[in-house]
Amino acid sequence: MDKASIHGMWSSRLAFILAATGSAVGLGNIWRFPYLASDNGGGAFVLVYLACILFVGVPILVAEILLGRRGRMSPVNSIIRIAADSGASRAWSSIGWIGMLAGVLILSFYSVVAGWTLYYAWLYFAQLFGGAGIADAGATFGALLGDAGELTFWHAIFMVLTVGVVALGVEKGLERAVKFLMPALLLMLLALLGYSFTTGHVGEAAAFLFVPDFSKIDGGVMMAAMGQAFFSLSLGMCAMMTYGAYLPKDVSIPRVGVTVALADTGVALLAGLAIFPIVIEFLGAPTGGGPGLIFTSLPSAFNQMGAIFGLLFFALLSIAAWTSSISLLEPATAFIVERTSITRKVAACGMALLTWIVGLVSVLSFNHWSHIRPFGLSLMDNIELLANDFLLPLGGLLIAVFVGWFVSRKALRDQLPDVSDGVFTAWTVVMRFVAPILVGVGLVRGVMAKFGM
Ligand code: TRP
């Protein structure tokens, strides 16, 4: 083991950090985090979310990258290798299968939502050339959701962008582009934050986000916060494991892991602070925004700031989504390339087509199929719930148990040469006990809350 991966390798430590941060920072930070905080009581949700990142997210992130680098193959095959090495059952590779299933489900709706951002970027672009722009944000969003053809079109465009990168292999071009585009997104968020200060609601927004009302923490909030911690860090479906397989041996896994987690969490909190004052200003209250939150509140701000800001914001958000979506498609693509004689291009296109078709369920859940509501939720919400709040934590739980109890200490230590014995022991304790117990309790309480038990 510890040779190079057949799929290629990151050219440097920085290349990995950019790719992994690109995967982590996406719609999860700027679209999903604010609306979940809005719907789950603000501070209580944020507190549980931060605790999940710290005690479960970062340690599992390290575990995923480590397994990938040790196995040097797609998740299923890496786990088979490592299990064989440690005398564990081959059945652990089911973690990789669950991951590929979760990847298809997540990318299916992720691409639909990324399609919304592309559409909004397009509207602002057209406005610069005399288009109508977005006068009534609620009406514009409602009309978009009602139009299955429009949704399908932008969903398809986004999927083509995603498959383009994966089919070519993660090219130098993307590495280089991300280097400029991620800082640009950060600048854009800072500009939005500056605007938010002019609304006079920043204090109120900060109080909503950071002063927890402990009575609001129930099974549903715990599950949502945990699912979001996994989703935002791209954990639990072996995406980071796949990226770890392309990581050079001399890079410190804990250091890159902490860097990626800090960047991801920082962007989410910054987005919250930038977006909530605008939400309060234009929607009246910070709560109850639902998945449309940023699409119905931010356009009001852009009407005052200027269409160019709207264009930049949604274009950069589309790009952030793009650098995330490739990590959802890469694991299955790499797996097909390893197991069959199918080429990378064909494998990526096949998986993308399958995922695009699954995504049509999410498209239709807003219009023709909006009356179909299993468990009182739309079809897209059901897919999100199953994938993010259930499959991702389940995958993370299995990864922790596998690493904590079944992989040989020597194999683990070999990948973490730079940490002290104390830190190494603490991390193995998290893998053995802390993460399985916390995630297990969160899962059980969440499932009970969902089924009204
Ligand atoms: N983390 C990304 C976001 O916040 C989404 C994402 C990309 C993801 N790859 C993933 C989520 C793998 C879970 C698993 O937008």
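Definitions and limits used
- Residues numbered from 1 in each chain as written.
- Predicted model: local features only at pLDDT ≥ 70, side-chain atom pairs only at ≥ 80, totals over all residues.
- Heavy atoms only, no water.
- Helix = DSSP H or I, 4+ residues; strand = E, 2+ residues; numbered from the N terminus.
- Buried < 20%, exposed > 50% of the residue type's maximum accessible area, 1.4 Å probe, protein only.
- Polar contact = N/O pair within 3.5 Å; in protein donor to acceptor, adjacent residues only side chain to side chain.
- Contact = heavy atoms within 4.5 Å.
- Salt bridge = Lys/Arg side-chain N within 4 Å of Asp/Glu carboxyl O.
- Phe/Tyr/Trp six-rings, centres within 6.5 Å; stacked < 30°, edge-to-face > 60°.
- Near = heavy atom within 4 Å.
- Areas by Shrake-Rupley, 256 points an atom, 1.4 Å probe, with all protein chains shown as cover.
- 1 Å grid on protein atoms, 1.4 Å probe; cavity = no way out; pocket = protein on both sides within 12 Å on 5 of 7 lines; lining within 4 Å.
- Sits in = over half its atoms within 2 Å of the grid points.
- Nonpolar A, V, L, I, M, F, W, Y, C, P; charged D, E, K, R; others polar.
- Points joined across faces, edges and corners; volume = space filled by probe spheres on them.
- pLDDT = per-residue confidence, 0-100.
- Core = buried A, V, L, I, M, F, W, Y, C linked by side-chain atoms within 4.5 Å.
- Patch = residues over 30% accessible without salt bridge, like charges linked within 9 Å, V, L, I, M, F, W, Y side chains within 5 Å.
- Expected span 1.5 Å × (residues − 1).
- Bend = angle between axes of the 7 residues up to and from the residue.

A. Broad picture of the side chain of Arg32. The residue Arg32 is located in helix H2 (residues 27-39) in this model. By relative accessible area, which is 3% here, Arg32 ends up buried. For Arg32, the side chain forms a polar contact with the side chain of Glu384, separated by 2.7 Å. With residues near it in sequence (within four places) discarded, Arg32 still touches Leu27, Gln228, Phe231, Glu384, Asn388 and Asp389.

B. Region of interest: the pattern of salt bridges. As enumerated under the stated definition, the model contains 8 salt bridges in all. Between Glu384 and Arg32 there is a salt bridge whose closest N-O contact spans 2.7 Å. With Glu384 in helix H16 (residues 379-406) and Arg32 in helix H2, this residue pair connects regions lying 352 residues apart in the sequence. On the basis of relative accessibility, which here comes to 3%, the residue Glu384 falls in the buried class. A salt bridge links Arg413 to Asp421; its shortest N-O distance comes to 2.7 Å. A residue is classified by how much of its surface remains accessible, and Arg413, at 23% relative accessible area, is partly exposed. You can call Asp421 exposed: its relative accessible area is 56%.

C. Highlighting the packing of aromatic side chains. Taken as a whole and assessed by the stated rule, the structure comprises 32 aromatic pairs. Geometrically, the ring pair formed by Trp116 and Phe141 is edge-to-face, given 5.2 Å between the ring centres and 85° between the ring planes. In this pair, Trp116 is assigned in helix H5 (residues 94-128) and Phe141 in helix H6 (residues 137-146), connecting sequence segments 25 residues apart. No difference in accessibility class separates Trp116 from Phe141, as the two residues are buried. Taking 5.3 Å as the distance between ring centres and 55° as the angle between the ring planes, the aromatic pair formed by Phe208 and Phe276 counts as tilted. Separated by 68 residues along the polypeptide, Phe208 in helix H9 (residues 202-210) and Phe276 in helix H12 (residues 253-283) bring together distant segments of the chain. Take Phe208: its relative accessible area is 14%, and that puts it in the buried class.

D. Summary view of the site of the ligand. If you check the shell around the ligand, you find 17 residues, and the closest are Ala24, Gly28, Tyr110, Phe231 and Ser327. Between the ligand and Phe231 there is a distance of 2.8 Å, counted from a nitrogen atom to a backbone nitrogen or oxygen. The protein chains hide 100% of the 360 Å² of surface that the ligand would expose on its own. Under a 2 Å grid-point criterion requiring more than half of the atoms, the pocket assigned to the ligand is the largest cavity. Of all elements in the fold, only helix H1 (13-24), H2, H5, helix H10 (219-232) and helix H14 (307-339) reach the threshold of two or more residues within the shell around the ligand. Counted by class, the shell around the ligand contains 9 nonpolar, 8 polar and no charged residues.

E. Quick look at the layout of surface pockets. Estimates place the volume of the largest pocket at around 330 Å³. Residue lining of the largest pocket: 16 residues in total, with Tyr35, Leu36, Leu385, Asp389 and Lys450 positioned closest to the centre. The set of elements that each furnish at least two residues to the lining of the largest pocket consists of H2, H10 and H16.

F. Seen up close, the confidence of the model for the protein chain. Here the protein chain averages 92 in pLDDT, while 98% of its residues score no lower than 70. Taken element by element, the protein chain is modelled with least confidence in helix H8 (residues 172-199), mean pLDDT 81, and with most confidence in H5, mean pLDDT 97.

G. Just the nonpolar core, in detail. Formed by 167 residues in total, the largest nonpolar core has its most connected members in Trp116, Phe313, Phe402 and Trp427. Non-local contacts of Trp116, meaning those with residues more than four positions away in its chain, are made with Trp31, Phe141, Leu144, Leu145, Leu151, Pro291, Phe295 and Phe366.

H. A look at a nonpolar patch on the surface. A grouping of Leu54, Phe55, Trp405, Phe406, Val429, Phe433, Val434, Ile437, Leu438 and Val441 is seen on the molecular surface, where their side chains present a nonpolar patch of about 890 Å² in accessible area. Breaking the nonpolar patch down by element, the ones donating at least two residues are helix H3 (43-71), H16 and helix H18 (421-450). With 6 residues, the single largest contributor to the nonpolar patch is H18. The topology assignment puts Val441 in helix H18.

I. Here's a closer look at empty space enclosed by the protein. Applying the stated criterion across every chain, the model contains 3 cavities of 30 Å³ or more. When its volume is computed, the largest cavity comes out at roughly 150 Å³. Ser23, Ile106, Phe231, Ser234 and Leu328 are, among the 17 residues lining the largest cavity, the residues nearest its centre. Sorting the residues of the lining of the largest cavity by element identifies H1, H5, H10 and H14 as the ones contributing at least two each.

J. Summary view of unusual backbone geometry. The phi dihedral of Arg72 falls on the positive side, at around 60°, and the residue is not glycine. Along the polypeptide, Arg72 turns up in the loop between H3 and helix H4 (75-86). Given the relative accessible area of 4%, Arg72 is considered buried. A positive phi is found at Ser234, a non-glycine position, where the angle reads about 60°. Looking at the element boundaries, Ser234 is found in the loop between H10 and helix H11 (239-244).

K. Just H3, in detail. The first and last C-alpha atoms of H3 sit 40 Å apart over 29 residues, in line with the 42 Å expected at 1.5 Å per residue. In the structure, H3 departs most strongly from a straight axis at Ile53, where the bend amounts to approximately 40°. When you tally the buried positions in H3, you get 24 out of 29 residues, the bulk of the element. Phi for Arg72, located one or two positions after H3, is positive at around 60°.

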